[in-house]
Amino acid sequence: KDVSPKDWLSVGLTDKYVLKIGHYARRMEYIIPRTNSHAHNAAVIAAEMTEAIFLRISTLREPKTTKQVKQRALVDLFKHLKQQGYSSMKWSVPSNIRDPHEMLQLPVPSLDNTSCWDKFAPSTLEKAESYFYRCQVEITRLRFEISMFGSQYMSQREMALMQGYSEYILFMICQKRCMIANMIESVSNIESLIQSFDDVGDSMPRGQQKLCDVTMSFERSLLSLIERLRQVVLFIKESSSLVEGDTACGQVHDTVAIFTSLASVLEENYQQCAGKMPVISARI
């Protein structure tokens, strides 16, 4: 729901950008186009280029296609890839792209259960991941065939060009995959923030700045208490050697266990706010 400036003022937030956040959101919807954008145009070019390549391949598979025609098609493909900005140079991609162990360290896009995603997003992402893994398998096989067998139809230069373009395309796919992973994480964070602000009038107490200061004071006191408990435990342990008798030693050990448990419970069951705003009712 829309949050009015009065709602923000009622909880102590007076920043001019926060007060006009609704206006900025509507401006963004107007400025950012949905159909006439660089991303949309690039998708159209990629679709047309892919369709043309597969159409050309289907004609080259005909029985009467000569070797000269196939070589010409390969030259045209290399030329068109270069015109579109692709590079076949070995130095144009990082060496990590050739190391399977490095590739496994790339972030994996994964959708969470937030309601902001389109119903087709999971299946689309699954298809994209399948395509990425297929590309890895194909380029690994291409590298192996070039290094071990070569080709009786292609020259060394043409094979080097094919491997160079393939690695550059895989590099771009890896970039897009990492961007998708970062975008999903950013959208999830934004969705979480929006949900926290959704019921600002009910869930956010007034006087945020004062409440934040009180919370920080409480957390400093809590940390001090935990440290003092641990110092008491250390003091008791050091003094236990002065205690005689099994009963007294048992009581000392029980006391150490109780104080250690209390310190651990206080430390583990409270998530530090560290002065972050807003401080909502659930947080208190």
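The structure contained in this document is the topic of the report that follows. (Residues numbered from 1 in each chain as written. Predicted model: local features only at pLDDT ≥ 70, side-chain atom pairs only at ≥ 80, totals over all residues. Heavy atoms only, no water.)

### A short note on the overall build of the chain
Quick reminder of the rule: The numbering of helices and of strands both runs from the N terminus, where a helix is a DSSP run of H or I of at least 4 residues and a strand a run of E of at least 2. Should any heavy atoms of two residues lie within 4.5 Å, those residues are considered in contact. Accessibility throughout is a Shrake-Rupley quantity obtained with a 1.4 Å probe, and a residue counts as covered only by protein chains that appear here.
Helix and strand content of the chain: 11 helices and zero strands. From first element to last, N terminus to C terminus, the chain shows the α and β order α-α-α-α-α-α-α-α-α-α-α. Of all intrachain contacts in the chain linking residues separated by at least 6 positions in sequence, the fraction that spans at least 24 positions is 76%. Per element, the accessible surface of the chain, about 21200 Å² overall, is 59% carbon and sulfur.

### Overview of the pattern of salt bridges
Side-chain pairs of opposite charge can arise where the charged atoms are in close proximity. What counts here: Counted as salt bridges are all cases of a side-chain nitrogen of Lys or Arg within 4 Å of a carboxyl oxygen of Asp or Glu. Burial classes: relative accessible area under 20% of the type maximum marks a residue as buried, over 50% as exposed, and values in between as partly exposed (1.4 Å probe, protein chains only).
Scanning the model with the defined rule gives six salt bridges in all. Its salt-bridge partner being Glu 167, residue Arg 98 comes within 3.1 Å of it at the nearest N-O pair. Residue Arg 98 is found in the loop between α5 (67–83) and α6 (100–103), and its partner Glu 167 is found in helix α8 (residues 156–198); the two are separated by 69 residues along the sequence. What makes Arg 98 partly exposed here is its relative accessible area of 26%. One salt bridge connects Arg 143 with Glu 167, and the closest N-O pair in it is separated by 3.1 Å. Here the residue Arg 143 occupies a position in helix α7 (residues 121–148), and Glu 167 occupies one in helix α8, the gap between them amounting to 24 residues. Of the two residues, Arg 143 and Glu 167, both sit in the buried class. When salt bridges that share partners are traced, they join Arg 56, Arg 72 and Asp 76 into one network.

### Focus on the packing of aromatic side chains
As a reminder, the rule being used: Stacked, edge-to-face and tilted labels apply to pairs of Phe, Tyr and Trp rings (six-membered ring for Trp) whose centres lie within 6.5 Å, assigned for plane angles under 30 degrees, over 60, and everything in between, in that order.
Under the definition given, this model contains three aromatic pairs. Centroid distance Phe 78 to Tyr 165: 5.6 Å. Interplanar angle 25°. Geometry classified as stacked. Here the residue Phe 78 occupies a position in helix α5, and Tyr 165 occupies one in helix α8, the gap between them amounting to 87 residues. Judged by centre distance (6.0 Å) and plane angle (80°), the rings of Tyr 86 and Tyr 168 are edge-to-face. Here Tyr 86, found in the loop between α5 and α6, pairs with Tyr 168, found in helix α8; they are 82 residues apart in sequence, far enough to count as distant.

### With respect to the nonpolar core
What counts is decided by this rule: For this analysis, a nonpolar core means a set of buried residues of the types Ala, Val, Leu, Ile, Met, Phe, Trp, Tyr and Cys, connected via side-chain atoms within 4.5 Å.
Counting 11 residues, the largest nonpolar core is built from Val 93, Ile 97, Met 103, Phe 132, Cys 135, Ile 139, Tyr 168, Leu 170, Phe 171, Ile 173 and Cys 174. The set of elements that each furnish at least two residues to this core consists of α7 and α8. A total of five residues in this core trace back to one element, the largest contributor, which is α8. What Ile 97 contacts, discounting residues up to four positions off in sequence, is Met 103, Arg 143, Glu 167, Leu 170, Phe 171 and Cys 174. Ranked by size, the runner-up nonpolar core spans 10 residues in total, among them Leu 74, Phe 78, Leu 81 and Ile 146.

Geometry only, nothing functional implied.
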